[in-house]
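A look at the structure
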Amino acid sequence: MITTEWPDVTDILDQVRAWPPEKRVTLAHRILESVSDAEPTPRQPGYSAAEVIAALQMPQPAPDDAAVKRWIEKGRLEKYGT
């Protein structure tokens, strides 16, 4: 979709519509090749250290062993009823 912000693109498309289809396809290929030749934006894989620290910060301390055992027992009672 072409927006009104790009009057040049509209003018170019109007000119190109008069071309034979094979020339328009060639133009499209050359435009895509120019994009693939451009330098890719470097991106660091994964998360930054600040993101990892923020994700791991918990508002309360970790549960103790007794609390975990109670949760497991409660889950078993709900699942098996005994």
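Above this text sits the structure in question.
Residues numbered from 1 in each chain as written. Predicted model: local features only at pLDDT ≥ 70, side-chain atom pairs only at ≥ 80, totals over all residues. Heavy atoms only, no water.

1. Structural notes on a nonpolar patch on the surface
Together, Tyr-47, Val-52 and Leu-56 give the surface a local cluster of nonpolar side chains, amounting to about 370 Å² of exposed area. You can see Tyr-47 is positioned in the loop between α2 (21–36) and α3 (49–56). Judged by relative accessible area, Tyr-47 falls into the exposed class, the value being 69%. (Patch = residues over 30% accessible without salt bridge, like charges linked within 9 Å, V, L, I, M, F, W, Y side chains within 5 Å. Areas by Shrake-Rupley, 256 points an atom, 1.4 Å probe, with all protein chains shown as cover. Salt bridge = Lys/Arg side-chain N within 4 Å of Asp/Glu carboxyl O. Helix = DSSP H or I, 4+ residues; strand = E, 2+ residues; numbered from the N terminus. Buried < 20%, exposed > 50% of the residue type's maximum accessible area, 1.4 Å probe, protein only.)

2. Comments concerning helix α4 (residues 65–80)
Compared with the 22 Å implied by 1.5 Å per residue over 16 residues, the 22 Å span of α4 between its first and last C-alpha is a close match. Within α4, only 1 of the 16 residues are buried, leaving the element largely exposed. Immediately beyond the C-terminal end of α4, within one or two residues, lies Gly-81, with a positive phi of roughly 75°. (Expected span 1.5 Å × (residues − 1).)

3. Describing the pattern of salt bridges
Applying the stated rule across the entire model yields 1 salt bridge. The shortest N-O distance in the salt bridge between Asp-14 and Arg-17 comes to 3.0 Å.

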